[in-house]
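These are the residues of each chain, in order.
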Amino acid sequence: MTEDRITQNLIVENHNLRLNQRSFMHLPRSLSTLETWGFGFTGHLIWISTAPLIHAALGSSAIFVWLPAVIVGMLLNLQVKRLGEHWPEMSGGTPNYTSKLLRNYSGLGRYAAIAYFISWAGYLPLNPIIITNLIKTNLDPLGINCPETFLRIGFTLIAYIVALSGTRTLAILHTFFILPAVGFLLVFCLQGLGWLAFSPNSPGLFPTSWSTLTFVDWAKWSLFAVYITYACETASSFVADSRRPGETLRFLSFAAWLMPPVILGGSWVLMRLATVPNLSEDTFLNLLAAAKPFWGESASLIVTLLIASCGLLATATAVSNSPRILYQLALDGYLSPVFAIVSRQGVLQPGLIFSLLISLLFLVWGDISRIVVLTGVSFLASIALFHLGLWLQRGRPEVRWPWLSLGLFVVDAVVLVVGGLAWSWQNLLIGLLSPIAVLACDAAIRRIAFPPFYPAWWIERYQVKRFQVKDFVAFQVIILILLVCSATAIAWVLRDGIGQAAGNASNNLLVILLMMIAFVAIAVACWTSLPQVSAIAEAREHAENLFIAALDTVPDTILVLDDSGAIRQANPAAVALFEMDAYQLIGRRLNDFLSGLAGSPEIWQSRSEQTFRQDETSLRTIEVTLSHRSNRQLQEYIVILRDITERKLSEETLQQSEETARKQAIALEKTLRDLRQTQAQLIQTEKMSSLGQLVAGVAHEINNPVNFIYGNLTHVGNYTQDLLGLVNFYQQGYSYTDPNIQGLVEEIDLDFLIEDLPKTLSSMKVGANRIREIVLTLRNFSRLDESEMKPVNIHEGIDSTLVILHNRLKHKPEFPAIQVIKQYGNLPLVECYAGQMNQVFMNILNNSIDALQEQDKARSSEEIKKKPSTLTISTQLLDKNWVRIGIKDNGPGMSASVLGQLFDPFFTTKPVGQGTGLGLSISYQIVVEKHGGKMKCLSRPGEGAEFQIEIPIGQTYKVNPSVDREVLG
């Protein structure tokens, strides 16, 4: 991809980030190409810490572990380069590309990115442990006890202290040490191979025999090897910081081709020369044994420098890389927003503090092998999911070799399981579960009411003015004295031991001491001198830029005067105003041109209006603004001259037109009032139209039970009169056996009356209950007693609307029945205006029923029987903050042109007199403007239409009003 294409992507990504992340500052593009390249060498350097472990265990067979790991690592670099060109604004590199690739499986994407984060934050303590062991190895011959715990914690904290002062500081320090470190490493590899191939003292380039290698051993140690080769894409993490992202990404190709000489070449040298017994897994002893044959007595010093610099550099990279992963995840909405906070200096302080806690947790274990296993498991799990994401996104231009990625996913999974179990199932389980633990911590951060867990707390800290030292010169001298005295004190303490030590041990300790002092000095300077220097540089640069810009680009005339009022400097606009060349203006007094400025600038007003006669016929009005500029040699004045002649004329014209504009405003206000009144009338017409449909449906539903009750009242009345007549006979003293009683019983058919009257009353009760249910449903639909926003059951509102519309849904002579399919999800109570939301459901369902009935008019009974008209109503919980309601019909659908105007006021496809065109427009206003939700329609001719409504569960999560109109297919 060309640099122009990357620039275009940057513009698009920057625009999207500004829209979606207004509340966060973004990482400044402050790193040079060389600085980002320096971070990219880290994967090659950390080979030093792992290679001795593998070669000590496998011997000559170790090369068969490194070879496939290097090949896959090279392919990974080329793939990551392609993704970086596609997402040039993304920070964090590979893990955040993984979350993008797995965006349809957000849980897996978060897990993969956090697993990668743990592999770097957890790997960081490995370098302090190695450096501490190196110091201990050189102090033991002196009889000096090594404060291991203090050194391990100190080396871990140094990089974080430097990083907290600014990425640029750490990048410059990193670049300064990276060049000799990479240089010595390349010399070790290439000179070692040359010595093996051509030296008469060489044991031979190739071994005479190869040690055996089982599949389990291969998988076990591949877990370590891929950790190194896959980590050579580190430069991608800093693309968002780079001033030239294209050049930064180009380094990934260079890093890929650097892997064979460094990793394979260095491993070959170790395999052939680090064969001395009892070397164990000690990095220093293995490298020293391999380097001595061709470096001689200098080997100890160079290896010490190499290990110390590589360890500190890897630590610095891990400190820089880890918080960027959290930052990008927070920007993408996968982690708490607090991790997206950036200081003015581009420091990701929340991410750094969290990374430090993870590093210290791993430091507690203190065992190199265990740390590598735990972090290697997390790292390989992340890379495996990265390969899976590539395969899932196959067909996209940024994905290379998708089917190869699927195969690599399978291989990575096998290595992860077999290799992890070969080490221990406990470490495998911890490595796989640690990302889940981090995600649990993130969930706690989101929920715990602790000020540092909220972005506002950090933003408030950043807005506080930083401490500034008044007497900066004295402060600098004090810092210099402290650094010199500290270095002298350390040298004084170690002088006796170093003097008694052998030459190699003395030189080694000197190298380590110099490296420590360099890092400590930078750390101290970062928190003392550098902020002052940076502030002064920023202020000077800002002032110079403003002044230069004013002189060269501002259309106003800008002059620099001395204390007598003579012109010392003028911008191009002055030449046009005074119609003189710049050299002619220099030395002339300003009051030669503007006679109203009498005397020296010291007594001039800071702002005044002067008359300037450009020629005999042209009189100009000039606004003069005067400001002082302090200088050690002389007093200077900056004068801005602005020609306001046109403005004066415009003011007069404006005064004349002001009365006309006021009259027009009054007329416009009256027109607006008329428009509002018309709009209110139209909306009332739509409401009355909806109310008419509602009343018609309710009247029809109530009519049947009312008719039934009314028809039975005659029978109940007759039964009552017959029973009262029988009771009257009894009251007159007649007995049951009396012929009059018997005759009446037969006349009224008492047995039938006793049987039928309860049934009739029961049927009337059923009808009355039906009326009561309809009334309750109507009340629930309208929610007349719930005008305020409150949590409601969405399903109850939909069901109430369906009851109201039952008359339109059931079978009629002119229309077949419309089937209703409910696919309700498990929804919580949703905070909304219940009555208004029911109005939305009513409008959408009425439109869908109209469309289905129009379709059925044109279909035969066989077609209707084959494909009956159907309404599908679904609800879904999108996440913890949003719900979706879908209303879908299998009607005729809509064209793209109709769909594009669907929510516009007064737009309707119905014949004149059958629709106002306001129903869906009002529904859209209710959903989007009153509830902060989203409303869209998906449709295509012949395939029905689906209205989707998304509303927040609570009004805290409202979004800006927007309409989303899509066409299916």
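Residues numbered from 1 in each chain as written. Predicted model: local features only at pLDDT ≥ 70, side-chain atom pairs only at ≥ 80, totals over all residues. Heavy atoms only, no water.

Participant: Help me get a handle on the overall build of the protein, residues and values and all.
Facilitator: For the protein, the count of helices and strands is 33 helices and 13 strands. The buried share of the protein, reckoned over its 969 residues, is 48%. Once local pairs closer than 6 in sequence are excluded, the contacts in the protein between residues at least 24 apart make up 73%. (Helix = DSSP H or I, 4+ residues; strand = E, 2+ residues; numbered from the N terminus. Buried < 20%, exposed > 50% of the residue type's maximum accessible area, 1.4 Å probe, protein only. Contact = heavy atoms within 4.5 Å.)

Participant: An account of the side chain of S355 is requested, with residue identities and associated values reported.
Facilitator: On the secondary structure map, S355 appears in helix α15 (residues 349-365). You can call S355 buried: its relative accessible area is 0%. Among all residues touching S355, those that are not within four sequence positions of it are F117, A121, Y160, S322, P323 and L326.

Participant: Describe a nonpolar patch on the surface, with residues and values.
Facilitator: Taken together, the side chains of V417, L421, W425, L429, L433 and I436 make up a nonpolar region of the molecular surface, amounting to roughly 580 Å² of accessible area. Those elements that provide at least two residues to the nonpolar patch are α17 (402-423) and α18 (425-447). Take the nonpolar patch: its biggest share by element is four residues, from α18. Relative to the elements of secondary structure, V417 occurs in helix α17. (Patch = residues over 30% accessible without salt bridge, like charges linked within 9 Å, V, L, I, M, F, W, Y side chains within 5 Å. Areas by Shrake-Rupley, 256 points an atom, 1.4 Å probe, with all protein chains shown as cover. Salt bridge = Lys/Arg side-chain N within 4 Å of Asp/Glu carboxyl O.)

Participant: Quick one: what's the story with the nonpolar core, residue by residue and with numbers?
Facilitator: In terms of nonpolar packing, the biggest core is built from 146 residues, with W47, W66, F188 and I263 touching the most fellow members. If one sorts the elements of this core by residue count, helix α14 (residues 299-331) sits on top with 17 residues. Every residue in contact with I263, bar those within four places of it in the chain, is listed here: W47, W66, V70, I228, T229 and C232. With 44 residues, the next largest nonpolar core counts I804, I849, M935 and I949 among its residues. (Core = buried A, V, L, I, M, F, W, Y, C linked by side-chain atoms within 4.5 Å.)

Participant: Got a sec to walk through the pairing of strand β12 (residues 945-952)? Specific residues and values, please.
Facilitator: Here β12 lies mainly inside the structure; eight of its eight residues are buried. The alternating pattern of β12 places A945, F947, I949 and I951 and E946, Q948, E950 and P952 on opposite faces, both of which are buried. Sheet analysis places strand β10 (residues 882-889) next to β12, joined by eight bridges and oriented antiparallel. In the sheet register, V883 faces β12, and the bridge partner there is I951. Direction of pairing for strand β11 (residues 934-939) relative to β12: antiparallel, over a ladder of six bridges. Considered in β12, the bridge of K936 is made with Q948. Between the end of β11 and the start of β12, which pair antiparallel, lie five residues, with G942 showing a positive phi angle near 85°. (Pairing = 2+ DSSP bridges.)

Participant: Could you give me a rundown of the pattern of salt bridges, with the residues and numbers involved?
Facilitator: All chains considered together, the criterion is met by 14 salt bridges. With its nearest N and O atoms 3.9 Å apart, the salt bridge here joins R244 to E247. Given a relative accessible area of 22%, E247 falls into the partly exposed group. A salt bridge links R884 to E950; the nearest nitrogen and oxygen atoms lie 2.9 Å apart. Within this pair, whereas R884 is found in strand β10, its partner E950 is found in strand β12, the two being separated by 66 residues in sequence. Classification of E950 as buried rests on a relative accessible area of 10%.

Participant: Tell me about the packing of helix α4 (residues 47-58) against helix α13 (residues 283-295), residues and numbers included.
Facilitator: How two helices pack is summed up by the angle between their axes together with the distance between the axes. Between α4 and α13, the shortest axis-to-axis distance is 9 Å and the interhelical angle comes to 85°. One way to sum up the angle between α4 and α13 is to call them roughly perpendicular. Across from I48, S49 and P52 in α4, the residues of α13 making contact are T283, N286 and L287. Classifying every residue of the contact of α4 with α13 gives three nonpolar, three polar and no charged. (Axes fitted to C-alpha atoms, helices over the stretch in contact; angles between N-to-C directions. Parallel < 35°, antiparallel > 145°, perpendicular 65-115°, else oblique. Nonpolar A, V, L, I, M, F, W, Y, C, P; charged D, E, K, R; others polar.)

Participant: An account of the environment of S99 is needed here, citing residue identities and associated values.
Facilitator: Inspection of the secondary structure assignment puts S99 in helix α6 (residues 94-101). Looking at S99, the relative accessible area reads 1%, which means it is buried. A C-alpha to C-alpha distance of 8.4 Å links S99 and G389, two positions 290 residues apart in sequence. Setting aside residues no more than four positions away along its own chain, S99 makes contact with G109, L329, D332 and Y334.

Participant: How would you sum up α4? Please name residues and give values.
Facilitator: Under the 1.5 Å per step criterion, the end-to-end length of α4 is 16 Å for 12 residues, consistent within 8% with the ideal 16 Å. With 10 of its 12 residues buried, α4 lies for the most part within the structure. Among the residues making up α4, those that are buried are W47, I48, S49, T50, A51, P52, L53, I54, H55 and L58. Backbone geometry just downstream of α4 places G59 in the positive-phi region, at approximately 65°. (Expected span 1.5 Å × (residues − 1).)

Participant: With reference to specific residues and values, describe helix α11 (residues 215-229).
Facilitator: The end-to-end C-alpha distance of α11, which contains 15 residues, comes to 20 Å, matching closely the 21 Å that a straight helix rising 1.5 Å per residue would cover. The largest bend in α11 amounts to roughly 35° and is located at S222. In terms of burial, α11 is largely enclosed, as 11 of its 15 residues are buried. Within the span of α11, buried status applies to A219, K220, W221, S222, L223, F224, A225, V226, Y227, I228 and T229. (Bend = angle between axes of the 7 residues up to and from the residue.)

Participant: Can you explain the confidence of the model for the protein? Please cite residues and give values.
Facilitator: Of the residues in the protein, 76% reach a pLDDT of 70 or more, and the chain-wide mean stands at 76. Per-element averaging of pLDDT across the protein places strand β13 (residues 966-967) at the bottom with 37 and β10 at the top with 93. Every residue in residues 1-24 is under pLDDT 50, and counting partners more than four places away or in other chains gives 35 contacts. Taken together, the stretch residues 961-969 has pLDDT below 50 and engages in 27 contacts with residues farther than four places along the chain or on a different chain. (pLDDT = per-residue confidence, 0-100.)

Participant: Give a detailed account of unusual backbone geometry, specifying residues and quantitative values.
Facilitator: For W401, which is not glycine, the phi dihedral falls at a positive 50°. Tracing the backbone through its elements, the reader meets W401 in the loop between α16 (368-392) and α17.

Participant: Now, about the environment of F578: what can you tell me, with residues and values included?
Facilitator: Within the secondary structure, F578 sits in helix α23 (residues 572-578). Expressed as a C-alpha distance, the spacing of F578 and T557, which sit 21 residues apart in the sequence, is 9.6 Å. In contact with F578, not counting residues within four places along its chain, are T557, L559, L585, L590, F593, F612 and L641.

Participant: Kindly report on the environment of N96, identifying the contributing residues and their values.
Facilitator: With respect to the helices, strands and loops of the structure, N96 is situated in helix α6. Residue classification places N96 among the buried positions, given a relative accessible area of 0%. For the pair formed by N96 and L329, sequence separation is 233 residues and the distance between their alpha carbons is 6.8 Å. Those residues in contact with N96, other than ones at most four positions away along the chain, are M90, S91, R324, I325, Q328 and L329.

Participant: Please give an account of the packing of aromatic side chains that cites residues and values.
Facilitator: According to the stated counting rule, one finds 23 aromatic pairs in the structure shown. The interplanar angle of 20° and the centroid separation of 6.0 Å between the aromatic rings of F117 and F354 together place this pair among those described as stacked. Separated by 237 residues along the polypeptide, F117 in helix α7 (residues 106-123) and F354 in helix α15 bring together distant segments of the chain. The exposure class assigned to F117 is buried, which follows from its relative accessible area of 0%. Of the residues examined, F354 reaches a relative accessible area of 12% and is grouped as buried. Here the guanidinium or amino end of K220 rests over the ring plane of W423, the centre of that ring lying 4.4 Å away. A cation over an aromatic ring shows up here: K934 above the ring of W882, its NZ or CZ 5.6 Å from the ring centre. (Phe/Tyr/Trp six-rings, centres within 6.5 Å; stacked < 30°, edge-to-face > 60°. Lys NZ or Arg CZ within 6 Å of the ring centre and 35° of its normal.)

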